[in-house]
Structure formats: C-alpha cells, structure tokens
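Listed below, chain by chain, are the residues.
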Amino acid sequence: MRSAVVFFMLLAFNLSASENLSDHEQFCQQNPAQSCAQYLEQQLAALSPFSHGWYRIKGFQLDYLFDQHQFQLLQAEAEVLLQQQALPDMLKLQVYFYYAKTLFINGRATDAQHYANQAMLMLQEVYAAFGNPLRIIELANLQYSLGELDQAKQLLTEVELKYSKSKDMLFLFELYSNQALISHQRDRLDEAAEYRSEALHAAIALGHNNKIIIAMGNLARTKQLLGQLQAAYELYEQSLAYTANPEYPVQHAIHLIRLTEICLQQQQPAKALTFYSRIDPQVLGAYHQQLYQEFGTALGVATQDK
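Residues numbered from 1 in each chain as written. Predicted model: local features only at pLDDT ≥ 70, side-chain atom pairs only at ≥ 80, totals over all residues. Heavy atoms only, no water.

Draft legend 1. Just the packing of aromatic side chains, in detail. Following the criterion strictly, the structure yields 12 aromatic pairs and no others. Connected via pairs of aromatic rings, a cluster forms that spans Phe66, Phe71, Phe97 and Tyr98. (Phe/Tyr/Trp six-rings, centres within 6.5 Å; stacked < 30°, edge-to-face > 60°.)

Draft legend 2. Seen up close, helix α5 (residues 71-82). The terminal C-alpha atoms of α5 lie 16 Å apart, and with 12 residues this matches the ideal 16 Å at 1.5 Å per residue to within 8%. For α5, the full list of buried residues reads Leu74, Gln75, Glu77, Ala78 and Leu81. Down the axis, α5 shows its buried residues gathered within 165° of arc, on one side only. As for α5, its buried residues are in contact with α4 (52-67) and α6 (89-105). (Helix = DSSP H or I, 4+ residues; strand = E, 2+ residues; numbered from the N terminus. Expected span 1.5 Å × (residues − 1). Buried < 20%, exposed > 50% of the residue type's maximum accessible area, 1.4 Å probe, protein only. Arc of directions from axis to C-beta. Contact = heavy atoms within 4.5 Å.)

Draft legend 3. Region of interest: helix α9 (residues 149-162). With 14 residues, α9 should reach 20 Å at 1.5 Å per residue; the first-to-last C-alpha distance of 20 Å fits that figure. For α9, the complete set of buried residues consists of Leu149, Ala152, Lys153, Leu155, Leu156 and Val159. On an axial view of α9, the arc spanned by its buried residues comes to 160°, and they lie on one face. In α9, the exposed residues that point more than 90 degrees away from the buried face are Asp150, Leu161 and Lys162. Turning to α9, the residues buried within the fold contact α8 (133-145), α10 (169-185) and α11 (189-206).

Draft legend 4. Spotlight on the nonpolar core. The biggest cluster of nonpolar side chains holds 86 residues, and the ones touching the most others in it are Leu40 and Ile279. Looking at this core element by element, the count peaks at 10 residues for α6. (Core = buried A, V, L, I, M, F, W, Y, C linked by side-chain atoms within 4.5 Å.)

Draft legend 5. Broad picture of the environment of valine 283. Looking at where valine 283 falls in the secondary structure, it is placed in the loop between α15 (269-276) and α16 (286-299). By relative accessible area, which is 26% here, valine 283 ends up partly exposed. Distance from valine 283 to valine 250, taken between C-alpha atoms, is 5.7 Å for residues 33 residues apart in sequence. Those residues in contact with valine 283 that lie beyond four places of it in its chain are Pro249, Val250 and Ala253.

Draft legend 6. Here's a closer look at the pattern of salt bridges. All chains considered together, the criterion is met by five salt bridges. A salt bridge links glutamate 261 to arginine 258; the nearest nitrogen and oxygen atoms lie 2.7 Å apart. Here glutamate 261 pairs with arginine 258, and both are found in helix α14 (residues 249-265), just three residues apart, close to one helical turn. On the basis of relative accessibility, which here comes to 14%, the residue glutamate 261 falls in the buried class. (Salt bridge = Lys/Arg side-chain N within 4 Å of Asp/Glu carboxyl O.)

Draft legend 7. Highlighting the packing of α10 against helix α12 (residues 209-225). Where α10 meets α12, the closest approach of the two axes is 12 Å, and the angle between their N-to-C directions is 30°. Between α10 and α12, the interaxial angle falls into the category roughly parallel. Between α10 and α12 lies a crossing of left-handed hand. Of α12, the residues touching α10 (which contributes Leu170, Phe173, Glu174 and His184) are Lys211, Ile214, Ala215, Thr222 and Leu225. (Axes fitted to C-alpha atoms, helices over the stretch in contact; angles between N-to-C directions. Parallel < 35°, antiparallel > 145°, perpendicular 65-115°, else oblique. Left-handed = near helix turned anticlockwise from the far one by under 90°.)

Draft legend 8. Region of interest: the confidence of the model for the chain. Within the chain, residue pLDDT values average 84, and 86% of them lie at 70 or more. Segment residues 1-22: pLDDT under 50, and 31 contacts once partners within four positions in sequence are set aside and those in other chains are kept. (pLDDT = per-residue confidence, 0-100.)

What follows is the structure in structure tokens.
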C-alpha cells in the first residue's frame, strides 16, 4: 500500500512539473533564436532515444504539435510511441489523450473512444488520489470532444469549486477556455464570451504567445458571432502583433481572413482589401480556403493569380 502511495505522489509531482514548470513554451524560451520546432528536434537528437530525458522532450514535442494543429504528424508520433513497452506512465497518458483526439478529428470515433477510455481510466486514478486540476480539465476536454457535454460540465464545475482560490494562471486559462467551449456548443454565446474574456486575462498574465493567440482569437470570433463587430475587429487586429511571429503562419492567415470578413460586414471594402492582400492562402485549410475564395470574389480579386 505504501509503495502505491509513493507511486501516486511521484505521479502527482510529474504532472505538476510537466504542466507548470516545464511547459513546452517555457522550455522553448531557453533558446529564442530558434523556432520551438527546431529547438525540440535539436534537443531530441542530442539524447539517447527512449531514455528518460528523451521521453521528457518528446512530451513537449507532442504538446507543441497539438498546439500547432499538426494533427497528422501528432498521430504518427503517437503511433510510434504506443509500440514502446516501457513508456513512462505520464507520457503514456499523454499519448492516449492525443491519439484519441487525432483519431476523433479524423473521423475514427470508435477507435478514438477506445483510447479515450484508456486515458480516462488513468486520469481518474490520478484524480482520485490527488485531484490534480489540470489533468481533470484534460479529462473534461476529452469528454467534450466525444460529445459528453453534461459530464464535461460537471467535472469543470467540480474542479472550479475545489480550486476557487487558485492563482495559477495556467489552470485558470485552461478552466475558462474549456468552460467557454461547452457554453459555445450550447449556443450560449454571451456566457462563452465571458469565459473567453477571463481566459484571455489569464493568457496575458502567463505571457505565452500561443495561449494569447488562442484566447484572443476565440474571444474575437465569439464577439463577431454576437454581432459586436468593432470589439471583434479590435481583438483580431491586436492579435496580429502575436501571430506575425513566423511560428504562427496558420493563425496569422486565419485572423487576417476574419478581419477581411468583419470589414466586409461593416461595408468597408477598401479596408477589407488591405487585410486580404496580406493573406497567404497556401497555409489555409479547406474551410478557410473557401472563405478566402468567397471574399476574393466579393472584393473583385482574381484569387487564382494570388
């Protein structure tokens, strides 16, 4: 029994370390001259494959791929790691979580559910022992992804009450971001906007570029859907100072798409064109490519020549 307690104490410490002290963005800030992707690859190449240190960096790389929406590469990395028999427990949990996410994104719901269940079992064991708030938010997010909104909302409500006095900005960012997802899914946009405003405050306090971009973009889009076009415009415009970093070409292009759209909604085609002309359509996915084509037509631009 004592050994089990010690195991879970180590587990809880590793969870806290990976989420707070060793977040991949903070890790990459050790060498700001390189992109995060390059720095992670360099660090991995310097270590023995499948060693303790290598697994630690690999965990950061999985987080990075997920944050950057590089889901195909993330799935491939997860499949390689799942073949390892001696995968550390925390990395195994991380792999289950991300693999379930990528399978779900690719329409393989049955397979996704299997790995989601594996992740949930591990998370529930950790939560039952120590109640680590960030991991329980991950569990709620996984339930949200699988359409289990009531269960996800219940978990988030429980963890919010339990840690109501927390000053951990990473925890607050994740909590409010996930609360907003559920509110948005339930078409409670005013409520979602409130949560997303809180998430943005937490992201700014953290000073993490990627989280600021996510929070600012989410709040801007919600404001746009609410018809609060000027507020949405200002948020998207502010976000360009962050997305202009070469590491965020997709987010930069998407935010320029939305600025173009808002200007068209405000009957300001000349202003819309200034944003439209800055979009790199090559980095856009199918949905935003379609918007790009539509806005080009509205502006009288021959998009095929761009």
